[in-house]
Structures are given as C-alpha cells and as structure tokens.
Amino acid sequence: MLSLVKGIWTVFKHSIRKRETVLYPEEKPSLHPRWRGRIILSRDPDGEERCVACYLCAAACPADCIALQATQDEHGRRYPEFFRINFSRCIFCGFCEEACPTYAIQLTNDFEMGEYHRHNFVYEKEHLLINGSGKHPEYNFYRVSGVSVGAKDSGEGENEEPPVDIHSLMP
Amino acid sequence: MARIYIDNVQYEVPEGQNILSACLSLGFDIPYFCWHPALRSVGSCRMCAVKQFRDENDARGHIVMSCMTPADDGTRISIDDNDVREFRAGVIEWLMINHPHDCPVCDEGGECHLQDMTVMSGHVYRRYRFKKRTYLNQNLGPFINHEMNRCIQCYRCVRFYRDYAGGRDFNVFGINNRIYFGRCNDGTLENEFSGNLVEVCPTGVFTDKTLRKHYARKWDMQTAPSICPHCGLGCNIIVGERYGSLRRILNKYNHDVNGYFLCDRGRFGYEFVDGPSRIRQPLSRHDGDRSDGSLKAVEKKEALDLFKGISMDSARTLGIGSPRATLEANFSLRQLVGAENFCCGMSEHEERLVSSIIDILRNGPTYSPSLRDVEMCDAVLILGEDVTNVAPRMALSLRQSVREKPMEIADSLRIPRWADASVRQAVQDEKGPLFIVSPMGSGLDDIAARTLHIAPDDIARLGFQVAHEIDPDSPPVLDLPDELGRFAAHISAALKSSRRPLIVSGTSCGTLSVIQAAANIAWSLSRTERIAALSYTLPECNTLGLRLIGGLSMTDCFQKVLSGEVDSLIILENDLYRRAEALLVKGVLAKCKHVIVIDHILNRTGKESDLILPAGTFAETTGTLVSSEGRCQRQFSVMPPAGQTQESRIWISDVMAALGKDSAVNYSTIENIASEIAREFPVFKDLTEVSPPVNFRVFGQKIPRQAHRYSGRTAMPANVTVHEPKPPDDPESPLSFSMEGYSGIPPASVTPRFWAPSWNSCQAVNKFQKEIAGVSTGGDSGKRLIEPLTTENGVYFSELPEAFNFDNTKWVVIQSFHIFGSEELSSLGDSVSQRIPNPYIGLNGDDAASLGKDNGCMAQLIIGNVSLKLPVRIIPTLCSGLIALPVGIPGLEGVNLPAMGKIMED
Ligand code: SF4
Ligand code: SF4
Ligand code: SF4
Ligand code: SF4
Ligand code: FES
C-alpha cells in the first residue's frame, strides 16, 4: 500500500520537472567532444593523407565493415588505394579509432546519417577524407617512422641518427 | 629417451636435442631469434635463456641459452623463473632499442616473429629516449625488398644465404653497432633461394616485393594448401588470395618434400594468374577464318552450344592432355574422347624418356628419394643434369647432402649436430663426395668434389663404366679413354664407400642412354647391400602422372591429323608451339576443322583455335599432381573461379553434357573421377586417400580458408551491393570459403595456414609438428605411388652409345635450362620475366674462336627447318662440339632438343 503511494508520488514529482526531451531538429543537442559519430579520415600537418593502409582498423572492426587496399606512391609512401566503410553495418564502437596507429581514422560528432537507401551508407575514400587533421593536430606518422618516403630519407626522421657508414672501421 | 624436468615436472624427450627444440616440441613457448630448425643453433641472440639447475637441491641455478644446451637425461630447467624472465625482457629491450616505429607500414606486421617474441617476453614500454641508428637500404632486385633499419642482428639471413644455400653475393658488413646485412653494392640477389629470406628473417628487413604491389595482411588473405606448378618436384605451398586476386605464395612445411624452403621460381612465379595473358571469358571465332586472329568473347552457354554444331564423331576427335594439368582434368579429357584418341601431350622423344624412367623406378630395386632423403645421402653422382635450373629445390637439398659425410668429423669430436657454429668450425671446408658429369657447368659446381663436362653420349658411357666398376656383371665400356676410365674408377670407389649413395639424372640431356646409365649405377650399388637412391628430375609438375595415364605421343597425334583422320582437336592446357616446331604445329592446326582449347592463358595455340574455354589456374583448381619422386599430392583451389572461368575438368564434364554423352559416371565431381582413375589404373589405387574425403569434417565443421581475424566481410562487396552475398560453396573439398569452421590443427594435406595463439609468423609451424623439424601433427601429406621391388635386381641395360665424335660441321645442340625462363607459366609473371635471359647460342670459347665469333656476335644456327639468328654467348664450361640453346624462353619455344645443328658461315 505504502509502496503504491510512493510510486504515484514519484510520477507526480516528474510531471513538474524540467523536460529532458529537446525539440530536435529545431534544437540541436550538445554533444561531448568524444562522441562517436560519422567516421572520417584525416590529413597530417603537411596536408598529406594520414592513413598508411595498415589494415588495423579493418581488423579491429567487430562489424567487419571497413575494407581497403594498400598501395604506395613512387617514393614508397604507403596509402590506401581505396578505403570503404559500410556505415549501414557500422556500430560506431570506435574500435577503429583506437586501433589506428596514425590518428587517421577518427569518429566525429555527426550522427545525422539518415538515408532512404542502404547503399548510400557505403562511403568511399573521397567521402571520408577531410581536409584537416581533426584531433591530434601535430602528429605525423611518417616523421617518426623509419621508412624513407620521398619527403624524408632514411635517417632524417625525428629522433634518428644519420645513416651509419658501414665501411668505417672506427670502433 | 631422456628425462628432463621443466619447472619441476618430468618429461620424456628424444635424445640428442637441445633444450630449446625439446621444449618447443613439448609445446612450451620459449622466445628465440637466431635458432632455426633447419639452420640450427649458434647462440647469438641470447633470447632463448632458461635457468638450469644442477640437481634437485640446487635452488639458485644459472642462466643458460636453451638453444646451446643439450637436453641430456636429468636436465633440470625453469622457463618461468623470475630471474630468467627478467633476463629475457632485458634482452628484447636492447634488441628493440634502435627498432623503427614501422609496424603499420611494415609488410611483416601481423606475421612478425619479432612482434610475437616482444609480446611473449613482456617488453611493452619503450624507455629508450635517444636517437635511433639508421641504415641506407639496397635495391635487391624484383623479388626482395630491403629495409635494414628493422634488423636485430640475429644473423639468420647470412647463415641461410651463404651457409645453407651457398649464395656468394650477400654478406654481413661493418663492425661494432654498425652491422649491415646486404650486398656489396645494389643489385639483384643472385641465389635461386633468395625468397626464403622473407620467411627466415624474423623481422621485416626482407619482405616479398611482389606482395608489396598488392599488399594484404596475413589475416586478411584467404589461403589454401597447394602444390607448386612450376617444376616436377611438387613442393608444398600456401597460396594467398584477397579481393579475388592472388597475392602471394608461402612455403608449406612438408617434412618429406620441401621442408622449410622453396625456390624463387615457385615463390614468385605466381603472377601469371592475374597477368595480361590470362583468359577470363570464352572466346570464339564464328566465321571459321583463323587468319585474322580475332576471337570474340562469348557467354558460357553460347560456347557450349557451339559444341552441338561441331561433329564430335569420337573416331575423328583427338584430345591432347597436358603435363601441367591435373590428373583429374587429363583423365576427364581421356574419357571424353576415348582412350585411343587421347594424346599425353608430350613429344614422342620426351614420352620415351619418361616411360623408361617409370619402368626403371617400377621394376628396379632402387627407390626414388624424397627431398628429405636426398639431404641424408652421403655420396652423390649427378649425370647430365643442371639440377639448380631444372628442379631447383633439389639443388638446395643436395647442398645439405655434401655436409652429411663431414658430419662424421663432428660426431667423432662429440659435437652435437645442432651446434651449427661448432660443427662448421670442426668441418671447415670439408665436403662429402658430389660428382657432376654434365655437358656444361651447373649451379652446384662450387660444392662438387669433381666436375666433368662431356657430351651426353660420353656421359652415358662414363656412367656405364662406373656401374661396371661397382659390379663387374654390368656391361663394361671397352674403348673408354684413360682419363674417363680413371674418373669412373674414382667415382665408383667413392660411391662404394658410402652408406647412402644417390644418383641423380633426368630428361635434360634428352638421351635415353644417360637415364639407363644412371639406373645401371644405382642397381649395381644396390647389389652391394646399400640402399641406393635414384632420382630423375622431370620438367613439369605432372609429367609423371600423365605418363602413368598414358596415351598417344604428340608425334602419333600429329601424324593422325596430317593424314586427315581427324576433324576436331581438343587441347587441354597445352601450348603445342612449345612442344614442336612452329611450322609443323601450324600445319596440324590448319588441317583440323575444329580446334578447341581449354586453358587459362592465351598462348599461340589458343590464338589459332576456334574456341577457347577459360580454365582455372592452380589457384582455382582442386586436383592431383604426381611429382618426379612419384608422390601424389592434392592441390586445393584458394578461390572459386571468377565469372565465366571454371576448372578444366568442369568444362569437360559440361562438354560431355552438352554433347549428350551419357556415361554411368558423373564426371563433375572430383571424387568420382578419382575413383574412376583408381579403378582403371592400379598404380593409382591410393588416389582417393591422397587427402581427406570431400565429406571430411572435424566436429561437423569444414576447415576455413579464411583466418578467424579475416576483415572487411561486410564492406568488400558493398560498392556493388550492400546485401552481403552468402560465401560460395565448395562441394569439392573439406575446405570452405569462409572464416567459420574448425580452427584447430587439421590433417596436414588440408592445412590452409600456420597460425597458433602467440605465434602469428610462419614460425607457428612449430605447433604443427609432432616434434620440431619432424613430421606434421596432421599426418603425412601425399602418397608415394611407386615403391622399389626389393626382390628384383634389375636387368642391366647394355646398349652403349657411340663415343661422341665432333667433326667440326655437325654440332650437337643441347638444352640449357634457366630457372627463370625455361618454365612456361612463371615466365609470364612480371617479376620473373625481369630475370629471364635473352636468347643466345651458347658456345665453348675455343669453338667460338674457331668459328670466328666473340661474345655477343650474331650467329645463325640451323636445326632442321628452324633457323635462329641469335647472339653468341661464350660458356667456358661447355663441352667442345656442343651448342647450348636455352629451353623454352620467349622466342625459342618448340625447338626439340637435342638435335644436330649447323652454324652458317657469315
Ligand atoms: S588503422 Fe588508421 S592508418 Fe591503419 S588503415 Fe585504418 S585508418 Fe589507415
Ligand atoms: S619487423 Fe616486426 S616489429 Fe619491426 S616494424 Fe616490422 S612488423 Fe614491426
Ligand atoms: S636481416 Fe633479418 S635475418 Fe638478417 S640479421 Fe637482421 S633480423 Fe636477422
Ligand atoms: S623446386 Fe620446383 S616445385 Fe619446388 S618451389 Fe621450385 S619450382 Fe616449385
Ligand atoms: S635462439 Fe638461442 S641464443 Fe638465439
């Protein structure tokens, strides 16, 4: 009996509380910066594609909705030949972003992805690649890795000695 | 058996091992780098440390390198002890100090032994904050990519390249912490086994350059067990596919055949599968005019309908099989056209040689050795073969066999055989007896005790004399020059004093008497209470199998066509222009009303046919091949044939259906064909047991071709359709085209990849062996068809050829083989084609001088109707009076050798 009265009291209290519901889309919700919405591919501070086509995001994806193919330019810099995300399968878990060693793939605040046809959810690289670095604006993978990629030769990266002289007999 | 204690638990292990391999065999994980099951121990990386205790009362123990410590009876060790764990974590930390931040762009990533061992040893956080050492890389040619920054100085690469494979153009340079592994200068790695560096190097220093062109990670590749189609040895391979194209070939460990290594032709020769000459659509010529070479693409149904228009009067239709097609495809064709109209697709000459080899192996007392047996032979005689270029992987085994006899030195000093550095110190340059008698130098000359370069007929005569020296009952050669006589005596003495002698010969000389001489020697040895091995190399992957099925020879077949007895010709995966003179083939094709070709590449024969049915390559075909050892092995398709292509045998069964040929047997399933073959040919009675049956399941599950981490399943086809198609069925094998299924260790012949928890690299193979470097956990793979008749002695051949006599006008033109170029399919690939030599006329220096020719001069050679104008190449080792012509390389197909030739005066 008492619990019944308590229940009714709670309901009554709620009817006079401030509403949580907002009148979307007239009123936009405020999202946290780490909200996991539509996925993008970012560029490094030099304006080059950040993605090095390592396939780690694809491997981490529990919905298996990322497919890509690696290739390299004439300097040996590796990048994705194609990069496809099937957003109709994506569960926005953010595992790809976590797996990405170059900060290339990032989830954004955009959740407004309504479509009438499923095939419109298939995003290719040209739909994914943005013109900025997104989060982690400073990071440039090819500056810290050891491979030479045109812009930088072996031994010219951050924290690298110049290439050793193998003919030297000095101890 | 030795009793050893690991962390206080007692285990029994076979005697004579080191602790590392004993522990790995027992299933323990000990990290290691420099030790390799085939290269054995040198103890240089310090990664495999364990703690050893003197006895049960010793509580302190001392740290030892498990790869350098024998697992003797009573050995007590700890793998888990805290001190030793810390020690290993320290070792990996300093090995990683200079390691670049490369994994995401490193082709080794995901199958990197260094990654695995780093994780296994618990090094997860980088403390080193200073600058890293860097190196400049080299361009090592079309096969291997070089990225020296990733090196951890384990020395495996040099030990493989120089010590194991005998390469000279690769070494370790520099001192101190500037150690460098590479060549003196940029340039192509010359050794025929350089591709193994990809698997031997535990890091990403050496990676597969052909894979780099279309890179995919190990976990993303759909893989299947297969058999290398590029020579007669039948090495086992793992084929990897992604997005419908073939990505790479890896070694598939088979204890008896290729062990841990492949040759470069086998590893990099796959590119023809997606190359420009591939046919993907049926092609037909509607108007019957063959001259303009315009073939039009048609649909499969249309193509099959065309057959209805073609009179298939069985008496007037011939089928030409192929030594590079599977047993099943060949047999299906034979059933389609009838046994009396089936041609085995080899020239008459080759057919005769192969038949005699089969007779010798079947009716004689000597066995044909597996490559593993070859490694254990302690005296070898090679008669007329350039093994390195004909059957490359065998050359690597022969390199190990010359180490067999000197092992006695190490044994007498009681150095365990696995202690590689000490054994090499003790043995120095000592080598077991290997004699090479051949028309010209070969890739193994550097390890031969003696070589002799003489004409094929003289090779045979020398061989007959060797046999006579061993057993006086075998026919002598009476008029042998003294020098050859002494050499024969020398060889026979060496063979007689060995425990396991081996004779290697084959079809390269193209001389029956050489093959017979080899048999005489082996038979004479087996009468001296020795197990003599006799190995014949064969040029193509199914030469032996096809000959066991038999059929008309090409010459008979051409005869029939030219005499007008034939209307239609069905040619299975065979380029006739490689088998016979172009003029003859042209005539034959023109004479037939209908020429139908079933093949996967568009070659000259195809271009002159009326209808081409696109077949699957080895990557899309499930079928059986018989190696030159006589081992029957099954290859499995790695992907379903795309679009209009289908396996040859399926085309044939479709044609049967289209023609309304009803037979009691349904030829569309591999099991039916196999049991028909077994029924018809007693030698194939075990054919159905070569691999597990089609309905084989483990716990009701198929074996998945895709790894459990296979990615992109819902995105790969999404650009075409977002509704993921169901994975294709594979009704013809216990393997599935999916990632679902049994993930444990399947039978060896259907093992699609080597992976085990914590072991992502190819070294996971340890977990697939009963003991390290031993037989596979999943049992044997393949079945030997031909076993020696131990009761028979073998009737000696007694037809001696005449001695070679050169009269300065009539030259004998012999075949010279090239690992890259002499084989049809691999030559079509982009990377291998960069290694193919230009056509040449090979002459000995003196002969060239007598003709007034120098290196590079043009010369005109006339062989029968064929006239060749080519540059001269001086081959100093070539026997005088012979001309060497490269086999099969573009421009020189279809010249049947040996033959008499004439050099035209300018
Ligand atoms: S993980 Fe990052 S770098 Fe690697 S493929 Fe994905 S987006 Fe590219
Ligand atoms: S060698 Fe292994 S650890 Fe080193 S960068 Fe390559 S994948 Fe990473
Ligand atoms: S290149 Fe590879 S195999 Fe050679 S020493 Fe370095 S890590 Fe070892
Ligand atoms: S030796 Fe022959 S079968 Fe083995 S990998 Fe080389 S080409 Fe293939
Ligand atoms: S594996 Fe034992 S020291 Fe290298």
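Residues numbered from 1 in each chain as written. Chains lettered and ligands numbered in written order. Predicted model: local features only at pLDDT ≥ 70, side-chain atom pairs only at ≥ 80, totals over all residues. Heavy atoms only, no water.

Draft legend 1. Local environment of the overall build of chain B. Secondary structure summary: chain B contains 27 helices and 36 strands in total. What you see for chain B is a C-alpha radius of gyration of 28 Å, in line with the 29 Å of a compact globule of 906 residues. In terms of overall dimensions, chain B has a C-alpha envelope of 90 × 80 × 55 Å along the principal axes. Residue burial in chain B is summarised as follows: out of 906 residues, 64% are buried. Contacts in chain B between residues far apart in sequence, at least 24 positions, make up 73% of those at least 6 positions apart. Charged side chains in chain B number 95 positive and 109 negative. The centres of these two groups are separated by 5 Å. (Helix = DSSP H or I, 4+ residues; strand = E, 2+ residues; numbered from the N terminus. Rg over C-alpha atoms; globule rule 2.2 N^0.38 Å. Buried < 20%, exposed > 50% of the residue type's maximum accessible area, 1.4 Å probe, protein only. Contact = heavy atoms within 4.5 Å. Lys, Arg positive; Asp, Glu negative; His and termini not counted. Charge placed at Lys NZ, Arg CZ, Asp CG, Glu CD.)

Draft legend 2. Quick peek at the environment of Pro369 of chain B. Residues and elements named next belong to chain B. Its location among the elements puts Pro369 in the loop between helix H10 (348-363) and helix H11 (371-375). Along the sequence, Pro369 and Ser226 sit 143 residues apart, while their C-alpha atoms lie 21 Å from each other. Every residue in contact with Pro369, bar those within four places of it in the chain, is listed here: Val374, Leu502, Ala533, Leu534, Ser535, Glu629 and Arg784.

Draft legend 3. Region of interest: the site of ligand 4. Close contacts around ligand 4 come from Cys228, His230, Cys231, Leu233, Gly234, Cys235, Leu262, Cys263, Arg265, Gly266, Pro392 and Arg393 of chain B, and that covers them all. When contributions to the shell around ligand 4 are tallied by element, the ones reaching two or more residues are helix H7 (264-268) and helix H13 (392-401) of chain B. (Near = heavy atom within 4 Å.)

Draft legend 4. The sheet that holds strand S27 (residues 631-635) of chain B, seen in detail. All names here are of chain B. Spatially, S26-S27-S30 is the arrangement adopted by the 3 strands of the open sheet, whose pairing is antiparallel. The open sheet has two edge strands with one neighbour each: strand S26 (623-626) and strand S30 (783-784). Set on the sheet, helix H9 (residues 327-337) makes contact with S26 and S27; between it and S26 the angle comes to about 100 degrees. (Pairing = 2+ DSSP bridges. Axes fitted to C-alpha atoms, helices over the stretch in contact; angles between N-to-C directions.)

Draft legend 5. Representation of the domain arrangement of chain B in the model. Residue and element names in this part refer to chain B. For chain B, the assigned domains read domain 1 (2-95), domain 2 (100-212), domain 3 (214-274 + 693-778), domain 4 (368-530) and domain 5 (811-904). Taking only C-alpha atoms, the centre of domain 1 and the centre of domain 2 are 26 Å apart. Counting residues at the interface gives 20 residues for domain 1 and 16 residues for domain 2. Taking both partners together, domain 1 and domain 2 bury about 1600 Å²; carbon and sulfur atoms supply 64% of that area. (Domains from an automatic or database assignment. Buried area = accessible area lost by both parts, 1.4 Å probe.)

Draft legend 6. Region of interest: the packing of aromatic side chains. In the structure shown here, the tally under the stated rule is 32 aromatic pairs over all chains. On the basis of an interplanar angle of 80 degrees and a centroid distance of 5.1 Å, the ring pair of Tyr103 of chain A and Tyr139 of chain A is categorised as edge-to-face. A residue pair is termed long-range when its members are at least 10 positions apart, and Tyr103 of chain A in the loop between helix H3 (95-99) and strand S4 (105-107) and Tyr139 of chain A in the loop between helix H4 (125-128) and helix H5 (141-144) qualify at 36 residues. Look at Tyr103 of chain A and you get partly exposed, because its relative accessible area is 32%. A ring pair is formed by Phe699 of chain B and Tyr742 of chain B, whose centres lie 5.9 Å apart and whose planes are at 70 degrees; its orientation type is edge-to-face. Of this pair, Phe699 of chain B sits in the loop between helix H24 (670-680) and strand S28 (703-704) while Tyr742 of chain B sits in the loop between strand S29 (735-736) and S30, placing them 43 residues apart in sequence. Directly above the aromatic system of Tyr710 of chain B lies the positively charged group of Arg242 of chain B, at a separation of 5.0 Å from the ring centroid. Geometry around Tyr840 of chain B places Arg873 of chain B over its ring, the cationic atom sitting 4.1 Å from the centre. (Phe/Tyr/Trp six-rings, centres within 6.5 Å; stacked < 30°, edge-to-face > 60°. Lys NZ or Arg CZ within 6 Å of the ring centre and 35° of its normal.)

Draft legend 7. Geometry of the environment of Val105 of chain B. Counting through the fold element by element, Val105 of chain B comes out in the loop between helix H2 (82-95) and helix H3 (113-120). Non-local contacts of Val105 of chain B, meaning those with residues more than four positions away in its chain, are made with Val52, Arg78, Phe141, Tyr142 and Val147 of chain A together with Arg150 of chain B.

Draft legend 8. The interface of chain B and chain A, seen in detail. Listed as interface residues are 46 residues of chain B and, on the opposing side, 47 residues of chain A. For chain B, the biggest contributors to the area lost against chain A are Thr134, Arg178 and Val722 of chain B; these three give 16% of the whole. Our enumeration of links across chain B and chain A arrives at 3 salt bridges. With its nearest N and O atoms 2.4 Å apart, the salt bridge here joins Glu724 of chain B to Arg89 of chain A. At the boundary of chain B with chain A, the tally comes to 27 residue pairs in polar contact (both at pLDDT 80 or more). Examining the composition of the side of chain B that touches chain A, we find that 3 residues originate from one element, strand S6 (residues 132-134) of chain B, more than from any other. Among the residues forming the side of chain B that touches chain A, the class breakdown is 19 nonpolar, 11 polar and 16 charged. Here strand S6 (residues 160-163) of chain A pairs with S6 of chain B via 2 bridges, running parallel. Residue pairing for S6 of chain B: Glu160 of chain A is matched across the bridge by Lys132 of chain B. (Salt bridge = Lys/Arg side-chain N within 4 Å of Asp/Glu carboxyl O. Polar contact = N/O pair within 3.5 Å; in protein donor to acceptor, adjacent residues only side chain to side chain. Nonpolar A, V, L, I, M, F, W, Y, C, P; charged D, E, K, R; others polar.)

Draft legend 9. Layout of helix H20 (residues 554-562) of chain B. Residues and elements named next belong to chain B. Those residues of H20 lying buried are Met554, Cys557, Phe558 and Val561. Taken end-on, H20 shows its buried residues confined to a sector of 95 degrees, consistent with a single buried face. Buried residues in H20 make contact with strand S16 (317-320), strand S17 (342-343), H10, strand S23 (568-572) and helix H21 (582-591). Gly564 sits one or two positions beyond H20 and adopts a positive phi of about 80 degrees. (Arc of directions from axis to C-beta.)

Draft legend 10. Examining unusual backbone geometry more closely. Following Tyr24 of chain A, the chain continues into Pro25 of chain A via a peptide bond in cis, with omega recorded as 5 degrees. Note that the residue after Leu897 of chain B, namely Pro898 of chain B, is joined by a cis bond; omega there is 0 degrees. Tracing the sequence through the fold places Pro898 of chain B in the loop between strand S35 (882-886) and strand S36 (899-903). Positive phi values are uncommon outside glycine, yet His136 of chain A reaches one of about 50 degrees. Following the sequence through the fold, His136 of chain A ends up in the loop between H4 and H5. The phi dihedral of Ala773 of chain B falls on the positive side, at around 60 degrees, and the residue is not glycine. Of note, Ala773 of chain B is situated in the loop between S29 and S30.

Draft legend 11. Structural detail: helix H16 (residues 456-470) of chain B. Residue and element names in this part refer to chain B. With 15 residues, H16 extends 21 Å from end C-alpha to end C-alpha; this agrees with the ideal 21 Å at 1.5 Å per step. Here H16 lies mainly inside the structure; 12 of its 15 residues are buried. Taken together, the buried positions of H16 are Pro456, Asp458, Ile459, Ala460, Arg461, Leu462, Gly463, Phe464, Gln465, Val466, Ala467 and Ile470. (Expected span 1.5 Å × (residues − 1).)

Draft legend 12. Quick look at the site of ligand 3. Around ligand 3 sit 13 residues, and of these Cys151, Cys154, Tyr155, Cys157 and Cys201 of chain B come closest. The residue inventory of the shell around ligand 3, partitioned by class, reads 10 nonpolar, 2 polar and 1 charged.

Draft legend 13. Up close: a nonpolar patch on the surface. All names here are of chain A. A contiguous nonpolar patch, built from Met1, Leu4, Val5 and Ile8 and spanning about 490 Å² of accessible area, is present on the exposed surface. Among the secondary structure elements, Met1 is positioned in the segment before helix H1 (2-15). Residue classification places Met1 among the exposed positions, given a relative accessible area of 79%. (Patch = residues over 30% accessible without salt bridge, like charges linked within 9 Å, V, L, I, M, F, W, Y side chains within 5 Å. Areas by Shrake-Rupley, 256 points an atom, 1.4 Å probe, with all protein chains shown as cover.)

Draft legend 14. How the structure looks around the side chain of Gln465 of chain B. Residues and elements named next belong to chain B. Looking at the element boundaries, Gln465 is found in helix H16. Among the polar contacts made by the side chain of Gln465, one reaches the main-chain amide nitrogen of Val477 at a distance of 3.0 Å. Not counting residues up to four positions away in its chain, the partners in contact with Gln465 are Pro476, Val477, Leu480 and Ala488.

Draft legend 15. The packing of H16 of chain B against helix H17 (residues 482-496) of chain B, seen in detail. All names here are of chain B. H17 packs onto H16 with a crossing angle of 50 degrees between their chain directions and a minimal axis gap of 8 Å. Between H16 and H17, the angle is such that the two are oblique. Crossing handedness for the pair H16 and H17: right-handed. Of H17, the residues touching H16 (which contributes Leu462, Gln465, Val466, Glu469 and Ile470) are Leu484, Gly485, Phe487, Ala488, Ala489, Ile491, Ser492, Leu495 and Lys496. Considered class by class, the residues forming the contact of H16 with H17 number 9 nonpolar, 3 polar and 2 charged. (Parallel < 35°, antiparallel > 145°, perpendicular 65-115°, else oblique. Left-handed = near helix turned anticlockwise from the far one by under 90°.)

Draft legend 16. Structural detail: the sheet that holds strand S24 (residues 594-599) of chain B. Residues and elements named next belong to chain B. Spatially, the 7 strands line up as an open sheet ordered S15-S14-S25-S24-S23-S16-S17, and their pairing is mixed. Sheet topology places strand S15 (296-297) and S17 at the edges, where each strand pairs with a single neighbour. Alignment of S16 against S23, held across 4 bridges, turns out to be parallel. The residue of S23 that forms the bridge with Thr317 is Ser568.

Draft legend 17. Here's a closer look at the pairing of S23 of chain B. Residues and elements named next belong to chain B. Buried residues dominate S23, accounting for 5 of its 5 residues. A two-sided burial pattern is seen for S23, the buried positions comprising Ser568, Ile570 and Leu572 on one face and Leu569 and Ile571 on the other. Pairing geometry for S23 and S24, over 5 bridges, is parallel. Opposite Ile570, over in S24, you have Ile596 as the bridge partner. Handedness of the β-α-β unit built from S23, H21 and S24 comes out right-handed. (Right-handed = clockwise from strand over helix to strand, strands pointing away.)

Draft legend 18. Local environment of the packing of H9 of chain B against helix H23 (residues 648-658) of chain B. All names here are of chain B. Taken N-terminus to C-terminus, the directions of H9 and H23 make an angle of 15 degrees; their axes are 8 Å apart at the nearest point. When the axis of H9 is compared with that of H23, the two are roughly parallel. The chirality of how H9 crosses H23 is left-handed. Between H9 and H23, the residues in contact are Glu328, Ala329, Ser332, Leu333, Gln335 and Leu336 and Ser648, Arg649, Ile652, Val655 and Met656, respectively. Here the residues of the contact of H9 with H23 sort into 6 nonpolar, 3 polar and 2 charged.

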